[in-house]
Amino acid sequence: MALLNVNIDHIATIRQARLTDEPDPVWAATECELAGANGITVHLRQDRRHICDRDVYLLNETVSCKFNLEMSMTESIVKIAEEIRPDQVTLVPENRQELTTEGGLNCAANKTRLAEVVKRMHKKGILVSAFIIPDKEQIDASAETGCDAIELHTGMYANAKSQKQAEKRVEELITGRDRAIEQNLVVHAGHGLTYRNIAGVASISDMCEFNIGHSIISRSVFVGIRQAAAEMIKLIDKFSK
Ligand code: PXP
């Protein structure tokens, strides 16, 4: 059965809109755990536009399920990960102007730095996942550099404009999953997943973990985050093999 990590970045986005102290991502994380989430994900961006250092330190102490820190390989952020030792880091590319993470990490072009970061994380007992497009070269580079897992980028699936296009994207994710399993990598997936499109990827077997943020936080505005997270867990349980 696939697991859900709730990405709570956008709880912090609301707080940062007023530079105040509410809503608190720490509270949100507890609500997600009470809903049955298996993990909490946050992205500590270099510009601290939503999640701040204070959140990462507190969440690392208070989250009792998996704490997954999404981050770039920038040295200052890598040092924070080494210090706090989250359960897992998910390595992502990061551009200052982007609205959200764009594209996957280019593992093939950054093997030396990636291998170094993986080694440093492993030294601290932290699992490493690389966020990549479902491309053989990227999957092989993730395995070669010692990553434990890959998170397959589902953005292209989420943006598909027709059923046919969506099916093609699912095929690419399945091919990527097969290659990752051959390379002994655990398979995660995320980006752009919603209550409406989760079925197509949750029904791919051996997808171990989903990272979902925007859709859950959007729904939480109307029904509360505990219910919003619980509804997504129910859908994942229904469709995953
Ligand atoms: N996975 C990764 C690597 C991401 O960068 C993001 C966005 O922060 C997500 C998953 C969650 O994406 P969404 O907010 O579209 O659910």
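Here, residues in each chain are numbered from 1, in the same order as that chain's written sequence. Reporting of local features is limited, given that this is a predicted model, to residues whose pLDDT is at least 70; pairs of side-chain atoms are given and counted only at 80 or more, and all residues count toward the totals for whole chains, interfaces and linings. For the side-chain quantities, the full set of heavy atoms in the structure was used; hydrogens and water were omitted.

Interaxial angle, 0 to 180 degrees, is taken between N-to-C directions of lines fitted to C-alpha atoms, where a helix line uses only the stretch in contact. Only runs of H or I of at least four residues qualify as helices and only runs of E of at least two qualify as strands under DSSP, and these elements are numbered from the N terminus. Packing of helix H6 (residues 136–144) against helix H8 (residues 163–182) brings their axes to within 10 Å, and their N-to-C directions diverge by 25 degrees. Viewed along their axes, H6 and H8 adopt a mutual orientation that is roughly parallel. Crossing of H6 over H8 shows right-handed handedness. Seen from H6, the contacting residues are Lys-136, Ile-139 and Asp-140; seen from H8, they are Gly-176, Arg-179 and Ala-180. Orientation categories follow fixed angle ranges, with anything under 35 degrees roughly parallel, anything over 145 roughly antiparallel, 65 to 115 roughly perpendicular, and all other angles oblique. Should the near helix be turned anticlockwise from the far one by less than a right angle, the crossing is termed left-handed; should it be turned clockwise, right-handed. Two residues form a contact once any of their heavy atoms are found within 4.5 Å.

Aromatic ring pairs are reported here in terms of the distance separating the ring centres and the angle at which the planes meet. Aromatic contacts are taken between Phe, Tyr and Trp rings whose centres are within 6.5 Å, Trp giving its six-membered ring; a plane angle under 30 degrees counts as stacked, one over 60 as edge-to-face, and the others as tilted. Scanning all chains against the criterion turns up zero aromatic pairs. A ring has a charge above it when a Lys NZ or an Arg CZ is no more than 6 Å from the ring centre and no more than 35 degrees off the ring normal. One residue, Arg-219, lies across the ring of Tyr-195, its end atom 5.9 Å from the ring centre.

Two strands pair if DSSP finds at least two bridges between them. Around the barrel, which closes on itself, the eight strands sit in the order E1-E2-E3-E4-E5-E6-E7-E8 with parallel pairing between neighbours. Averaged over all pairs of adjacent strands, the angle between strand axes in this sheet comes to 25 degrees, irrespective of strand direction. Bridge count for strand E2 (residues 39–43) against strand E3 (residues 66–71) is five bridges, and the pairing is parallel. Counted as the bridge partner of Gly-39 is Lys-66 from E3. In the packing of helix H3 (residues 53–62) onto the sheet, contacts are made with E2 and E3, and the angle to E3 comes to roughly 155 degrees.

Further remarks concern the packing of helix H10 (residues 214–223) against helix H11 (residues 225–239). A pair of packed helices is characterised by two quantities: the angle between their axes and the separation of those axes. Close contact between H10 and H11 brings their axes to 7 Å; oriented N to C, the two are set at 130 degrees. When the interaxial angle is binned, H10 and H11 end up oblique. Helix-helix and strand crossings are classified by hand; for H10 and H11 the assignment is right-handed. Side by side, H10 and H11 meet where Ser-215, Ile-216, Ile-217, Arg-219, Ser-220 and Val-223 of the first sit next to Ile-225, Gln-227, Ala-228, Ala-229, Glu-231 and Met-232 of the second.

A few words on the pairing of strand E1 (residues 3–7). Exposure is judged per residue with a 1.4 Å probe applied to protein chains only, and the accessible area is read against the type maximum: over 50% gives exposed, under 20% gives buried, and values in between give partly exposed. The buried fraction of E1 amounts to four of the five residues, a majority that puts the element mostly inside the structure. Two strands pair when backbone bridges link them, and E1 and strand E8 (residues 209–212) are joined in this way by four bridges, in the parallel orientation. Its bridge partner being in E8, Leu-4 is matched across the sheet by Phe-210. Pairing between E1 and E2: three bridges, direction parallel. Following the sheet pairing, Asn-7 is matched in E2 by Thr-41.

Taken together, 15 residues form the shell around the ligand, and within it Glu-70, Thr-101, Glu-151, Gly-192 and Gly-213 come nearest. Here an oxygen atom of the ligand and a side-chain polar atom of Asn-7 are 3.4 Å apart. With respect to the ligand, the backbone of Gly-213 contributes an N or O atom lying 2.8 Å from an oxygen atom. All accessible areas in this document rest on Shrake-Rupley with a 1.4 Å probe, and a residue is counted as covered only by the protein chains that are shown. Protein contact buries 93% of the 400 Å² of open area that the ligand shows by itself. Each residue gets one label: Ala, Val, Leu, Ile, Met, Phe, Trp, Tyr, Cys and Pro are nonpolar, Asp, Glu, Lys and Arg are charged, and the others, such as Gly, are polar. Here the shell around the ligand is built from residues that sort into three nonpolar, nine polar and three charged. When we say a residue is near a molecule or strand, we mean one of its heavy atoms is within 4 Å of it. What qualifies as a polar contact is a pair of N or O atoms within 3.5 Å, subject to a donor-acceptor requirement within protein and to the restriction that residues adjacent in sequence count only when both atoms come from side chains.

Time to look at the side chain of Ser-142. When you line up the elements, Ser-142 lands in helix H6. With sequence-adjacent residues up to four places away left out, Ser-142 is seen in contact with Cys-107, Ala-130, Ile-132, Cys-147, Ile-150 and Leu-185.

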